[in-house]
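Secondary and tertiary structure notes
If you want the building blocks of each chain, they are given just below.
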Amino acid sequence: MNIVILGSGNVATHFAHNFQNKGHKITQIYSQQKANAQALAFTVNAASVSDTAAINLEADLYIIAVSDQVISNMVSALPADLRGVVTHCSGATDMAILAKFNRYGVIYPPQSISKNKETDFSLIPFCIEGNTPETFNLLFECIHEMAPKSIPCDSVQRLAIHIASVFANNFSNALFQISCEILEQHNLSFDLIRPIILETAEKVQSRLPNEVQTGPAIRNDINTIKKHLNFIREQDDWKQIYQLLSQEIVKRKS
């Protein structure tokens, strides 16, 4: 297929390279920042454009790979009579935002993607949605060849996956940072707890989280919990987080 990538960031970069590796032709890379469009376009032998008026109207597939808050502006700037299927890659944005187009859908990778880190699409269960069965089939077939774990997923299900990912990824990383700061305050290295973080992450690859829960809350170890809360008594936010999460663990035990 002839593909236009609308964006030049992390997700756009990986999509461009993966589609090209599967034999598709990236015809254009669009970005408001001309230098960014040129940089990515050069790596996939595509034309670079920084004006939506110059976007090819005859491509087979358009991939809007920009931040969620920019998708609406991008949709507004595109002509409604694009020949191909128009998609976005957001987990939190309803497919209906693309309704001005004749054929549209979503190809959402529930994964944290960075330009400078290789990402194996074959391990990611892409969430695919289309406005018609024909559009869905086209997108699913296209994505499935490079991401065989892909699944049909409507907008509500996709939002559920996105929220779950925030809890599992973004929030856990914020907790890692709190852990890091507690250690640093006592001249200790974050390296000391990297092994336990890795062990937990490995456990939940084969078991459900509630099956591998450990710690004082699950054991109802009130004395240890009190010691912990006293230890961080000067950090009200940390105390609230500790108490809320401990209560959640206890609730799920009962």
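Above this text you will find the structure in question.
Bear in mind that the values here come from a model prediction, so they are computed numbers and not experimental data.

Calculation criteria
Residues numbered from 1 in each chain as written. Predicted model: local features only at pLDDT ≥ 70, side-chain atom pairs only at ≥ 80, totals over all residues. Heavy atoms only, no water. Core = buried A, V, L, I, M, F, W, Y, C linked by side-chain atoms within 4.5 Å. Buried < 20%, exposed > 50% of the residue type's maximum accessible area, 1.4 Å probe, protein only. Helix = DSSP H or I, 4+ residues; strand = E, 2+ residues; numbered from the N terminus. Contact = heavy atoms within 4.5 Å. Pairing = 2+ DSSP bridges. Right-handed = clockwise from strand over helix to strand, strands pointing away. Salt bridge = Lys/Arg side-chain N within 4 Å of Asp/Glu carboxyl O. Axes fitted to C-alpha atoms, helices over the stretch in contact; angles between N-to-C directions. Parallel < 35°, antiparallel > 145°, perpendicular 65-115°, else oblique. Left-handed = near helix turned anticlockwise from the far one by under 90°. Polar contact = N/O pair within 3.5 Å; in protein donor to acceptor, adjacent residues only side chain to side chain.

**Description of the nonpolar core**
- Ranked by size, the top nonpolar core spans 30 residues in total, and within it Ile5, Phe15, Phe19, Ile29 and Ile63 carry the most contacts.
- Listed by contribution, the elements that provide at least two residues to this core are β1 (2–6), α1 (10–21), β2 (25–30), α2 (34–43), β4 (61–64) and α4 (133–144).
- Beyond its immediate chain neighbours, meaning those up to four positions away, Ile5 contacts Ala12, Phe15, Ala16, Ile26, Gln28, Ile29, Tyr30 and Ile63.
- Counting 22 residues, the second-largest nonpolar core is a separate cluster that includes Leu6, Met74, Leu82 and Phe101.

**Quick notes on unusual backbone geometry**
- Even without a glycine there, the phi angle at Asn45 is positive, about 55°.
- Structurally, the position occupied by Asn45 is in the loop between α2 and β3 (47–49).
- Relative accessible area serves as the criterion here: at 63%, Asn45 is assigned to the exposed category.
- With a phi angle near 55°, Asn220 is a residue other than glycine that sits in the positive phi range.
- Here Asn220 shows up in the loop between α6 (194–203) and α7 (222–231).

**A look at the pairing of β1**
- The buried fraction of β1 is high, at four of five residues.
- One ladder, built from five bridges, connects β1 with β2; its direction is parallel. Looking at the pairing, Ile5 lines up with Ile29 of β2.
- A crossover links β1 with its parallel partner β2, the connecting element being α1, and its sense is right-handed.
- Inspection of the sheet shows β1 paired to β4 by four bridges, in the parallel sense.

**Looking at the pattern of salt bridges**
- Counted according to the given criterion, the structure contains eight salt bridges.
- Between Arg194 and Asp191 there is a salt bridge, with the nearest N and O atoms lying 2.6 Å from each other.
- A residue is classified by how much of its surface remains accessible, and Arg194, at 47% relative accessible area, is partly exposed.
- The class of Asp191 is partly exposed, set by a relative accessible area of 47%.

**As for the packing of α7 against helix α8 (residues 236–253)**
- Where α7 contacts α8, the two axes come as close as 9 Å, and the packing angle between them is 160°. The orientation of α7 relative to α8 falls into the category roughly antiparallel. The chirality of how α7 crosses α8 is right-handed. Where α7 approaches α8, its residues Ile225, His228 and Leu229 are matched on the opposing element by Lys239, Tyr242 and Gln243.

**So, the sheet that holds β3**
- The mixed open sheet is built from eight strands, whose spatial order is β3-β2-β1-β4-β5-β6-β7-β8. Looking along the sheet, the strands with just one partner apiece sit at the ends: β3 and β8 (151–152).
- Pairing of β2 with β3, which is carried by three bridges, proceeds in the parallel orientation. For Tyr30, the partnering residue across the bridge sits in β3 and is Val49.

**Observations concerning the side chain of Ser155**
- Tracing the backbone through its elements, the reader meets Ser155 in helix α5 (residues 155–184).
- A relative accessible area of 11% means that Ser155 is categorised as buried.
- At 3.1 Å, the side chain of Ser155 and the backbone nitrogen of Met95 are in polar contact.

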